[in-house]
Amino acid sequence: MAHAQNGEQLSPKEAAAWNDAEWTKLTAEPGGVDFLEVEVADRPALWIVPKGATHDRVIFYIHGGGFVGGSIYTHRKMIAHLAKATGCRALAISYDYVHQGRHYPAQRNQAVDAFRWLLDQGIEPRHIAGAGDSAGVTILFGALLVSRDRGLPLPAAIISISGWYDLAASGASYQSNSQKDLFFQKGTVEWLAGMVLAGVDPRDPYASPLYADVAGFPPIFLQAGGNETLLDDSRIFAERARTAGVDVRIDVFPQMLHSFQMMAGRAPEADDAIGRFAAWVRPKLGLPGTESNAS
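The residue numbering used here restarts from 1 in each chain and proceeds along that chain's sequence as written. Since the coordinates come from a predicted model, pLDDT governs what is reported: local features require at least 70, and pairs of side-chain atoms require 80 or more to be given and counted, while whole-chain, interface and lining totals use all residues. Where side-chain values are given, they derive from all heavy atoms of the structure, hydrogens and water being excluded.

(A) Representation of the overall build of the protein in the model. Elements are defined by DSSP. Helices are runs of H or I of four residues or more, strands are runs of E of two residues or more, and each kind is numbered from the N terminus. Secondary structure summary: the protein contains eight helices and eight strands in total. For the radius of gyration, the atom set is restricted to C-alpha positions; the globular benchmark scales as 2.2 Å times the number of residues to the power 0.38. By the compact-globule yardstick of 19 Å for 295 residues, the protein fits well, its C-alpha radius of gyration being 18 Å. Dimensions of the protein, computed from the C-alpha atoms along their principal axes, are close to 50 × 40 × 40 Å. Each of the 295 residues in the protein was classed as buried or not, and the buried ones make up 58%. When a residue's accessible area, from a 1.4 Å probe over protein chains only, is under 20% of the maximum for its type it is buried; when over 50% it is exposed; and in between it is partly exposed.

The structure is reproduced here in structure tokens:
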């Protein structure tokens, strides 16, 4: 829990605001990008539009933050780096936080509504890439599973940044990386999951993608930091998705921590990661480019 300068403990809402203010400093401001506020399914959203971008291709992005922080504004610069490298627009959507009294599956359902809104704008599914980081990946996969159940088409590709796939926190990397990733300790993650789920089974496949049947899903590119405690979330999910017949790529970046891509424009490792995503997803969206095989 964050503390104010006078040493007093902050409320979850105050801590989220404090963390968000610090979070925005991580990413360099990208040039040549417009940010347009819009209402999507009765919620604030942000169109991120690089100069010269193709308008009929879209990255549908859900930000992370453990369901208690992060926003379309804390992540706008990182998403803009990804959209700019890809050469298309991005739509960053918002959802309710736990400290607003909203628990899962409220966030997932809001994402389903936003995805349906995007389809209603006439954007073809084959021209959409779903993307997210951390808890945003949790929400994204839950939303796509529900969309599939309802007969909606799925996007052409999925981009995953340090995905939180297992709300049961069962991965061995919580122990093996516990001295390298001091923030995302097992107890902290279990505490967050408990608040988010409010009694829902953490192995519910609609809440924890690790336990979902993703057969028939589009190609997925996962990235994770080699030093993050959530590393096994991505590793094990990649194995299970591949076994289900999904085209999966996973790149693990040595010595990197959770969602290090937020340092885009300031760290070469983050820029490399963004470049790999862009090179991979462009052909999936029908844009010119050759996939990079670096890993």
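(B) The arrangement of the packing of helix α2 (residues 76–86) against helix α8 (residues 268–284) in detail. Each axis is a line fitted through C-alpha atoms, taken for helices only over the stretch in contact, and angles between the N-to-C directions span 0 to 180 degrees. At a minimum axis separation of 8 Å, α2 and α8 run at an interaxial angle of 45°. Here α2 is positioned oblique relative to α8, judged by the angle of their axes. The two elements α2 and α8 meet at a crossing, and its hand is right-handed. Contacts between α2 and α8 involve Met78, His81, Leu82, Ala85 and Thr86 from the former and Ile274, Phe277, Ala278, Val281 and Arg282 from the latter. Of the residues contributing to the contact of α2 with α8, the split by class is seven nonpolar, two polar and one charged. In this scheme, roughly parallel covers angles under 35 degrees and roughly antiparallel covers those over 145, while 65 to 115 is roughly perpendicular and the rest are oblique. By definition, any crossing whose near helix is turned counterclockwise from its far helix by less than a right angle is left-handed, and any crossing with a clockwise turn is right-handed. Residues count as neighbours in contact if any of their non-hydrogen atoms are within 4.5 Å of one another. Gly falls in the polar group here, along with every residue not listed as nonpolar (Ala, Val, Leu, Ile, Met, Phe, Trp, Tyr, Cys, Pro) or charged (Asp, Glu, Lys, Arg).

(C) Region of interest: the side chain of serine 147. By the secondary structure assignment, serine 147 is in helix α4 (residues 135–149). Leaving out residues up to four positions away in the same chain, serine 147 has contacts with Val112, Phe115 and Leu152.

(D) Here's a closer look at the sheet that holds strand β4 (residues 88–93). Read from one edge of the open sheet, eight strands run β1-β2-β4-β3-β5-β6-β7-β8, paired in mixed fashion. One side of each edge strand has no neighbouring strand; the edge strands of this open sheet are β1 (33–40) and β8 (248–253). With strand direction ignored, the average angle separating the axes of adjacent strands in the sheet is 20°. Two elements, strand β2 (residues 43–50) and β4, share four bridges in a ladder whose sense is antiparallel. We treat two strands as partners when DSSP finds at least two bridges between them.

(E) Seen up close, the packing of helix α3 (residues 106–120) against α4. At a minimum axis separation of 8 Å, α3 and α4 run at an interaxial angle of 65°. In this structure, the crossing between α3 and α4 has a hand that is right-handed. Together, Gln107, Arg108, Ala111, Val112 and Phe115 of α3 and Ile139, Gly142, Ala143, Leu144, Val146 and Ser147 of α4 make up the contact between the two elements. Each residue belonging to the contact of α3 with α4 can be placed in one class, and the counts come to seven nonpolar, three polar and one charged.

(F) Region of interest: helix α7 (residues 231–243). End to end, α7 covers 19 Å across 13 residues, agreeing with the expected 18 Å (1.5 Å per residue, within 8%). Within α7 the residues assigned to the buried category are Leu231, Asp232, Asp233, Ser234, Phe237, Ala238 and Ala241. Residues of α7 that are buried in the fold lie against α4, α5 (173–176), β7 (220–225) and β8. Glycine 245, located one to two residues past α7, shows a positive phi value of around 95°. Under the convention used throughout, the expected extent of a helix is 1.5 Å for every residue step, that is, one less than its residue count.

(G) Highlighting the environment of methionine 256. Turning to its location among the elements, methionine 256 is positioned in the loop between β8 and α8. With a relative accessible area of 14%, methionine 256 lands in the buried category. Measuring from C-alpha to C-alpha, the distance between methionine 256 and valine 49 comes to 29 Å, with 207 residues separating the pair along the chain. Not counting residues within four places of it along the chain, the set of residues in contact with methionine 256 comprises Gly225, Gly226, Asn227, Glu228 and Glu269.

(H) Main features of the pattern of salt bridges. By definition here, a salt bridge exists when the distance from a side-chain nitrogen of Lys or Arg to a carboxyl oxygen of Asp or Glu is within 4 Å. Tallied over the entire structure, the rule returns 12 salt bridges. For glutamate 190, the salt bridge identified is with lysine 186, shortest N-O distance 3.4 Å. You can see glutamate 190 and its partner lysine 186 sitting in helix α6 (residues 186–197), four residues apart, about one turn around the helix. Classification of glutamate 190 as partly exposed rests on a relative accessible area of 38%. Its salt-bridge partner being aspartate 251, residue arginine 249 comes within 2.8 Å of it at the nearest N-O pair. Owing to a relative accessible area of 11%, arginine 249 belongs among the buried residues under this scheme.

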